[in-house]
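Each chain, letter by letter, is given below.
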Amino acid sequence: MAWLENDKSGNFHVCFRVGERKFKKSLKTKNERAAGAACARIEENIRLLEMGRLTIPAGANVAAFLLSDGKLTGKP
């Protein structure tokens, strides 16, 4: 499950758990619709991860990996 949070400036952050770890990543947007779309992508990728159709590489940045649909393993 993923959820959205706002910071003081109004930017959205996506929060989610993978295993026992909690992640929080700034989406660098104040647009609620764009933030909701990113949150939905994270939830879908977590579902694929749980089904075994997506695997996080060792040493990868989990948040970047899931936000990029499995394309990035670190900061671009």
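That block above? That's the structure.
Criteria and thresholds
- Residues numbered from 1 in each chain as written.
- Predicted model: local features only at pLDDT ≥ 70, side-chain atom pairs only at ≥ 80, totals over all residues.
- Heavy atoms only, no water.
- Helix = DSSP H or I, 4+ residues; strand = E, 2+ residues; numbered from the N terminus.
- Rg over C-alpha atoms; globule rule 2.2 N^0.38 Å.
- Buried < 20%, exposed > 50% of the residue type's maximum accessible area, 1.4 Å probe, protein only.
- Contact = heavy atoms within 4.5 Å.
- Areas by Shrake-Rupley, 256 points an atom, 1.4 Å probe, with all protein chains shown as cover.
- Polar contact = N/O pair within 3.5 Å; in protein donor to acceptor, adjacent residues only side chain to side chain.
- Pairing = 2+ DSSP bridges.

This part is about the overall build of the protein chain. Helix and strand content of the protein chain: two helices and three strands. Along the protein chain, from the amino end to the carboxyl end, the secondary structure elements read β-β-β-α-α. By the compact-globule yardstick of 11 Å for 76 residues, the protein chain fits well, its C-alpha radius of gyration being 12 Å. With the principal axes as the frame, the protein chain shows a C-alpha extent of 35 × 25 × 20 Å. Residue burial in the protein chain is summarised as follows: out of 76 residues, 33% are buried. In the protein chain, of all internal contacts separated by at least 6 residues, the share reaching a separation of at least 24 is 28%. For the protein chain, the accessible surface area stands at approximately 5,100 Å², while carbon and sulfur atoms represent 50% of it.

What follows concerns the side chain of Ser68. With respect to the secondary-structure elements, Ser68 resides in the segment after helix H2 (62-67). There is a polar contact of 3.2 Å between the side chain of Ser68 and the backbone oxygen of Phe65.

Our next topic: the environment of Phe12. Inspection of the secondary structure assignment puts Phe12 in strand E2 (residues 12-18). Look past the residues within four positions of Phe12 in its chain and what remains in contact with it is Leu4, Glu5, Asn6, Ser26, Leu27, Lys28, Thr29, Lys30, Asn31, Glu32 and Ala35.

Attention now moves to the pairing of strand E1 (residues 2-6). The sheet contact formed by E1 and E2 spans five bridges and is antiparallel. By the bridge assignment, Glu5 is partnered in E2 with His13. Hairpin connection, E1 to E2: the antiparallel pair is bridged by five residues, and Gly10 has positive phi, about 95°.

Here Leu67 is to be found in helix H2. Taking the relative accessible area as the measure of exposure, Leu67 reaches 15% and is therefore buried. Residues Leu67 and Phe23, spaced 44 residues apart in sequence, show a C-alpha to C-alpha distance of 12 Å. Leaving out residues up to four positions away in the same chain, Leu67 has contacts with Lys25, Leu27, Ala38, Arg41 and Ile42.

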